[in-house]
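This is what each chain is made of:
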Amino acid sequence: MSLFLRDYLTVVWFGLAAILLAGLLLGVAAAVRPSRPSKEKLIAYESGVDPVGMGWSQSQIRYYVFALLFVIFDVEAVFIFPWATAVERYGWFGLITMLIFIVLLLDGLVYAWKRGLLRWV
Amino acid sequence: MLAQDDFFLAPGIEWFHLGPVIALVSGALVLLVVGALTPRWPRGLYAYVTALTAAVAGGLAVFNWNDITDDGVSTLVGGALAFDTFAQMITITVCAATLLVALVTDDELRRAGKDGPEVYALFLIAATGAVVMGSANDLILLFLGLETLSLALYVLAASDRERPTSQEAGIKYFVLGGFASAFFLYGIALIYGGTQSTNIGEIIGSFQTSVLLDGKDTLVLAGIALLIVGLGFKVAAVPFHMWTPDVYQGAPTNVTAFMASVGKAGAFAAMLRVLVIALPFHRDDWRPAIWVLAVLSLVIGSVLAVVQTDVKRMLAYSSISHAGFILVGVEAAGHNAGELAPGDGMPSVLTYLLLYSVLTVGSFAVVSLVARNNGGDTSLDAFKGLAQRRPTIALALTVFLLAQAGVPLTSGFIAKWGVIQAAVEEESYAIAIIAMVAAVVAAFLYLRIMVSTWLETGAESTEREAVPFSTGVAVFSAAAFTLLIGVWPGWLLDAAESVTTYAK
Amino acid sequence: MNGEALDFPILSMLVFMPVAGAVIITLLSKRRPEYMKLVAAVSSVATGAMSIWLTAEFNGHESGFQFVSKHSWIEQWGISWHLGVDGISLFLILLTGVLFPLAILGIDPHNDDPAKNKPYLAWLLLLEAGVMGSFMSLDLFLFFVFFEIVLVPMYFLIGGWGYEGRVQAATKFFLYTMIGSAFMLVSIMATVFIASRNGVGHVTFDLVEIAEHAEFAASTGRWLFFGFAVAFAVKVPIFPLHTWLPDAHTQAPTAGSVVLAGVMLKLGTYGLLRFGLYLFPEASLWSRHLWLSLAVIGIIYGAIAATMQKDLKRLVAYSSVAHLGFIVLGIFAVTSQSITGAVMQMVNHGVSTGALFLLVGMIYERRHTRQIADLKGIQSVAPIFAAAFMIVMLSSIGVPGLNGFVGEYLILIGSFMSARWYVVVASTGVILAALYLLWAYQRVFHGEPDEANKTFAELKLKEAAVLLPFIAVIVFAGVYPKPILERIEPAVDALITHVEDKTGYESPQPAAVATISEEGE
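What counts and what doesn't
Residues numbered from 1 in each chain as written. Chains lettered and ligands numbered in written order. Predicted model: local features only at pLDDT ≥ 70, side-chain atom pairs only at ≥ 80, totals over all residues. pLDDT = per-residue confidence, 0-100. Helix = DSSP H or I, 4+ residues; strand = E, 2+ residues; numbered from the N terminus. Buried ≥ 20, exposed ≤ 12 C-beta atoms within 10 Å, placed from the backbone. Pairing = 2+ DSSP bridges. Contact = placed C-beta atoms within 7 Å. Domains from an automatic or database assignment. Nonpolar A, V, L, I, M, F, W, Y, C, P; charged D, E, K, R; others polar.

Overall, the prediction assigns chain A a mean pLDDT of 83, with 96% of residues at 70 or greater. For chain A, the element scoring lowest by mean pLDDT is helix α1 (residues 3-6) of chain A, at 72; helix α2 (residues 9-32) of chain A scores highest, at 93.

The residue after Val-238 of chain B, namely Pro-239 of chain B, is reached through a cis peptide bond having omega 5°. Positionally, Pro-239 of chain B belongs in the loop between α8 (214-235) and α9 (243-250). Cis geometry is adopted by the peptide bond preceding Pro-237 of chain C, which originates at Val-236 of chain C and carries an omega value of -5°. Relative to the elements of secondary structure, Pro-237 of chain C occurs in the loop between α9 (218-235) and α10 (244-251). Located in the positive-phi region is Ala-236 of chain B, a residue other than glycine, with phi close to 60°. By secondary structure assignment, the location of Ala-236 of chain B is in the loop between α8 and α9. Look at Ala-236 of chain B and you get buried, because 28 C-beta atoms sit within 10 Å. One non-glycine residue, Glu-427 of chain B, lies in positive phi territory at about 65°.

All right, on to the pairing of strand β2 (residues 79-85) of chain C then. Residue and element names in this part refer to chain C. Where burial is concerned, most of β2 is hidden: seven out of the seven residues are buried. What you see with β2 is no split at all: Ile-79, Trp-81, Leu-83 and Val-85 on one side and Ser-80, His-82 and Gly-84 on the other are buried throughout. Of the pairings in the sheet, the one linking strand β1 (residues 66-74) to β2 comprises six bridges and is antiparallel in character. Looking at β2, one finds that Ser-69 is bridged to Leu-83. What sits between the antiparallel neighbours β1 and β2 is a turn of four residues, in which Gly-78 has the positive phi angle 70°.

What follows covers the arrangement of the chains. Most contacts, when the two pairs of chains in contact are compared, are made between chains B and C. Over all C-alpha pairs, chain A and chain C never come within contact, reaching a minimum spacing of 45 Å.

On to the domain arrangement of chain A. Partitioning chain A into domains gives domain 1 (3-35) and domain 2 (61-114). Distance from the C-alpha centre of domain 1 of chain A to the C-alpha centre of domain 2 of chain A: 42 Å.

Between chain B and chain C, the residue contacts involve 26 residues of the former and 23 residues of the latter. Looking at the side of chain B that touches chain C, the elements that each hand over two or more residues are α16 (411-425), α17 (429-455) and α19 (490-497) of chain B. Of all the elements, α17 of chain B adds the most residues to the side of chain B that touches chain C, at 13 residues. Along the lines of polarity and charge, the residues of the side of chain B that touches chain C split into 21 nonpolar, two polar and three charged.

Okay, structure coming up:
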C-alpha cells in the first residue's frame, strides 16, 4: 500500500473503533437492563406533550417556501462574508463579480415576489 | 480604496468570447424578471424571445468559430473555459435544439392555457448548463454545468402539473439524477486526489511531468470508474438507463425532445472532455468500459425498443440505442486519445450529436402534434391513419424515422457512417458489426411506427391534426436539414474535422 | 464513339430523370391524377429512351468503363459521384430503363383509388433511380447508398399496394436485406481503410482504384469478401437466405413483383460479379465451391418447391430461386462463357419472369385468385392469352430458339469446363423447370373451363401492348443473341484477365464463343 493511502488507515481504525464502542455499549445495556414494554413508552416523544394526530400529517406548504427562501439567502451570506473580509484584495474585479451574483439572486427574489410567493394568504 | 494587491491577479475576461453563455443567461433573466413584472405577453412572444436568444447565442458561437480558425485555440477566464471549435460545435448543437424546441413548445403550452415564461427560462438555463459542460476546462466547472442542466431538467420534467405521470417523471429523474451527480462529484474528488488538480490542462500536465505513485494511480482509476457511472447515467447508457423510458414517457413531449437533444449533447460533451481530453493517459483503462457500455446500450436499447407499444417509450429506447452508437464513436476516439493524429472518433461523435439532436426534436415534435389530437395518447394506435389525415406531417415523420434507422441520403446515415467508419479505422470490427446489427433490429421499430402511419387506417371520427405555424416551421426545417445533410454533408464534416484541436 | 468524350452526362441523367419525375409528382395536386400519370410516363419513357440510346452508343469492342462521370462528393471521406458502364452492366441498365415504363404505364395498382396513385408512382420512380444508380456506381459508398435506398420505395410499394399479407412481407423484406447490408457496410469501410494502407496509398472509395491497386492478405480478403457476400447472398437470394423472396414476390403488387424479379434480384448477382469477383478475386475463388454447392442446391430446391406450390405467383417466385441459382453457378464457374451466360441470363430472367408476373397479375385481376386449383381451361376461352403465356413460359424453361436457352446453355457449357459435377446436377434443374411450369400450364389452361372460368376475358389491347415488347425481346434474343453477347464478352474477358492476374488462376480455355452465339441463328 502506498504512503498516500496509509494516511487514511487512521480513519479506518477510528471508524472501526467507533463502531466497536457503540456496539459494545448498546450490547451491554441490552443485556443488563430489564425489559418491560408498555403502550406509553412506544408513543413518539414530542417535548413531553402527547402527540396530536398522525405522524404523516400534512404541514402548510408556505412554511416550506419560507424555509427555502431562508436557505437561499443564508447561502448568499455564506458567500458574501468571506468576500467582504478580503474586498480590498480582490478590487474592482471582485466587486463586479459579487454584484453579478447578488443581481442574479435579486432577480430570483423579484420573480418570487411578483408571483405572490411572499404573500401570506 | 479597492486597490489590487500582488496576491490576487484578476483573470482576464474575454467578454465577446463568452458571448453565447452571456446571451443565454440574459435571455433567461429577461424572461423571468421582465416576464414576472409585466402582464402576460401576447401570442407566443415568450417562445419567440427564447428562439431569438438561442439563435443569437448560436450566431455568436459561429463568430467565435471564425476567431478560432484565425487565431487558434485558447482558454478563457484564467483557464476555466476552453475556447475551441469543440466547445463552439456543442454550443451550436445546443442552440439549434433549443430553438427548435422553443418553437414546438409555444403551441403546446398555449393550447393547454399554460403559457408563461418559466418553462422557456428553464430551457435557456438548461442550455447554458449544456454549453458550459461543452466548454468547461475544469472539472468543477464541468460539474457546475452538469448541475445547472440537470436541475433545470428535473423541474422541466415535472412541469406539467396536471398530469401525475409528469410529476412521477420529475421525482424519478431527480432522485436518480442526484444520485448520479454524487457519483460524478466523488469521481472528481478522487481525480483531484490523484492528480492534485481539477483543471484539465493541469491534470494532463500531472501525467506528463511526474511518475505516478501506485496509490495515486489507484485513486485516479477509482475516479474514472465513478465518473463513467455518473456520465453513463446522464447519457442514458445501459446499465444506467433505467430512468430513461419512464422519464421520457412521463415528461411533456417538448421537454422529452429537449432532454433527448440538449441533455444528451451536454452529457456526451462532458464525457469527451473528461475521458478523451483530460484522461488520455488512462485510455486503455476506460476504453474497455466504454466498449461494454456501448454494446449493452446498442443491444438492449434496440431489442427493448421493439417490444414497446407507446411511441414515446419506443423513442426513449431508441435514444438509448443511439447513445450506444455515439459510445462507439467515443470508443474509437479512445484508441488515439491524446495523440497528434487523434483519428475520426471525436468529429464523428460531435457530428452525430448535432444530427441526432435535430432528428429527435423533429420526431418528438410530430409525436406532440399527434398526441394533442388524441387527448395525450401516444400509443401506436394514435398514429394510425396519420398519412390520410396529414400526409405532409406523415412524410416528415417518415424522413425522421428513416434517418434514425440510418437509411442513406438522410443525415442519420451520415452520422452512423461517421461513427462506424471511426470504429473500423481503429480496427474495432466487432463493435462495428454489433452496432450495425443493432441498427437493423432498431429499424424494425421505426418500421412499426411507419406501418401505423402509412399502412393502417385510423378511426374515421378522428379529426385532422392541427398544425400550428411555429411547430410546422420547426418540423419542416428539421426535415429539410435532415435531407440536406444526407445529400450534401461535406461542409459539416469539414467543420467537424477541426474539433480535434482542442484547448487545455 | 468513345463515351468519355461525351459532354452530356447521360449516366447521371439516367438517375436524376426519375428522381425529377418523383419530385414533380409529389408536388402536384392530389386532385389531378391524370397529370401524375403523365409526368410518370414522360420521365420513365425518357429514361428508357436514354438507356436505349446509351446501348446504341456503347462501344462494344472496349472492355473498360464508358460514359464515365466522376465528381467529388464528400471529399473528407474520399467519396465521389463516380458512374460508369461496361458490358456487364449495360444490359441491366437497358433492362431497367425499359421495364419501368412498361410497369408504370401498363399496370395499374390493384386497389385503384386515383388519390393513392400519387405516392405509388413517386415510389416507383424513386425505385428506378435507385436501381439505375446501383448498376452504374463505381464508388463503394455510392453503391451502398443506392443499394440501400431501393429498400425504402420497395418497402412502401409492397406494404401499401400489396395483397393480404403485405405488411409482414414488406417488413421481412426490409429487415432481411438490411441485415445483409449491415455486414456490407462494415466490410466497405474496412476494405477502404485496409486498401489505403496496402497499395492504394490514400483513403478512397473508388472501386476501380481499390480493385487494381489494393493487395489484401488472403485471410483479410476473405473476411472482407464475406461481408459483401452476405449482403448479396440475401439479395440474390442464395438458398438458405431466400425465405423473404416468396413472401415479398407474392404479396407485392404486380408492378412490384415485375420490378423485384426483373431487376432487383440482379442487384445481388451483379454485386457478386462487380464487388465479389472483381474486388476480391482470391476470396471468391477460395470460396467458390461453397457458392457452387449453394447454387446447385438452390436450383434443385427452387424447382422442387415450385412444383409443390398451390399459388401460381408463389410458383413463379420459387422458379426465380432456381433461375438465380443458374446465374450464381455461372458466375462462380469463372470461365468466359459461363460468366457471359450468367450476365445474359440475368437479363433473360428479368424479361421472362417479369412477363410471367405480369401475366399472373392479369389472371388475378380477372379472377381475383391466384390458386392453381381455382383456374381451369382458360385456353379455350382466351387462346391469345394462353399463347402469350406459353411463349413466356417456354422462354423461362429455356427452350431453344427463345432467350432463356442461350443464357442457360452458355452457363452450363462454360461451367462444365471448370465445375463439371455441379453442372451434371444442375442440368436436372432444367428438366425440373419444364416439369413445374408445364404442369402448372396444363392445370391452368387445359381442360374444359368450369363456371367461374368461362367468362375469362381475352387479352386486351393495352395488355397486349405491354406484353409485346417482352415477347419481342424473348424471341429476338433467342434467335439472334450475337449483338448482346458481343457487347458483354469484352468486359467479361477483362474481368477474367483481372482475376487471373491477381490470383494466378487459369480459366479453362473456351471453345470459341463465336460458334455458340451462332448457335441460335
